Amino acid sequence: MAGGIVTVASGVMNPLIGKLTALMGDEYNKFKGVRKQASFLEKELSAINAALQKLELIDEIDPTVKDWRDHVREMSYDMENCIDDFIRQSRADDAKAGFIKKTARRLKMLGQRHRIADRMEELKVLAVEASARRERYKIDDCINSSRGVAVVDPRMSAIYNDAACLVGIDGPKEELVSWLTDSHKKLKVVSIVG
């Protein structure tokens, strides 16, 4: 059950990392610092995503790790919304044409660059805080220590016992044989589980 929840958390990261990669492309070069900030965020979030993918393999997760995972999921939603807003705004500005509109857009872009730089810095701080919390809570240690623990079904030992040592097998065995050898019943279907 925990694995399914973690899959959702790490699944949120993949589109976000893709959008950050797009921000590093040539289309967004006109915004100073965006490419550098996006590159930093992409690397930081890729490392966080790797930790989330490791969590998918663990059945029981420590409450501290669950808290970190939930925080990362919410942070990634906020980051994705911010990046979507930025991309939408930059594309809307590119759609405008004409000399006066281009000049007005350049003046408007000065203010936007400042806001974008501030917002990208906020996103960077969020990612750094999530990584610092990961180190502070020793999330990787929890992941690595949980991986070595395997719960063994106590019934497994019965598989390796000698048939002569098993209790209560003679009665059911005789009943099965009588069902199979009974010639009065036409249909014979027997299911044996175990």
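Refer to the structure presented above.
Attention in this report is confined to the structure presented alongside it.

Each value, and the rule that gives it
Residues numbered from 1 in each chain as written. Predicted model: local features only at pLDDT ≥ 70, side-chain atom pairs only at ≥ 80, totals over all residues. Heavy atoms only, no water. Helix = DSSP H or I, 4+ residues; strand = E, 2+ residues; numbered from the N terminus. Buried < 20%, exposed > 50% of the residue type's maximum accessible area, 1.4 Å probe, protein only. Contact = heavy atoms within 4.5 Å. Areas by Shrake-Rupley, 256 points an atom, 1.4 Å probe, with all protein chains shown as cover. Phe/Tyr/Trp six-rings, centres within 6.5 Å; stacked < 30°, edge-to-face > 60°. Lys NZ or Arg CZ within 6 Å of the ring centre and 35° of its normal. Core = buried A, V, L, I, M, F, W, Y, C linked by side-chain atoms within 4.5 Å. Patch = residues over 30% accessible without salt bridge, like charges linked within 9 Å, V, L, I, M, F, W, Y side chains within 5 Å. Salt bridge = Lys/Arg side-chain N within 4 Å of Asp/Glu carboxyl O.

Section: the overall build of the protein
- Along the protein, the regular secondary structure elements total 7 helices and 0 strands.
- Going through the 194 residues of the protein one by one, you find that 29% of them count as buried.
- Here the analysis covers contacts within the protein between residues at least 6 apart in sequence; of these, 73% occur between residues at least 24 apart.
- When the accessible surface of the protein is totalled, it reaches about 13100 Å², and 57% of it is carbon and sulfur.

Brief notes about the packing of aromatic side chains
- Enumeration according to the criterion identifies 0 aromatic pairs in this entry.
- Across the ring face of F40, the terminal group of K124 is positioned such that the distance to the ring centre comes to 4.9 Å.
- It is R136 that lies over the ring of Y137; its NZ or CZ is 5.6 Å from the centre.

A few points about the nonpolar core
- Of all hydrophobic cores here, the largest spans 32 residues; its most connected members are L23, L45, I48 and W68.
- Looking at this core, the elements with two or more residues in it are α1 (2–23), α2 (34–55), α3 (63–95), α4 (99–136) and α5 (139–147).
- Looking at which element gives the most residues to this core, the answer is α3, with 9 residues.

Overview of a nonpolar patch on the surface
- A cluster of nonpolar side chains, contributed by W179, L180, V190 and I192, occupies part of the molecular surface with about 400 Å² of accessible area.
- On the secondary structure map, I192 appears in the segment after α7 (170–181).
- Given a relative accessible area of 65%, I192 falls into the exposed group.

Focus on unusual backbone geometry
- Phi is positive for K138, close to 55°, though the residue is something other than glycine.
- Locating K138 in the fold gives a position in the loop between α4 and α5.

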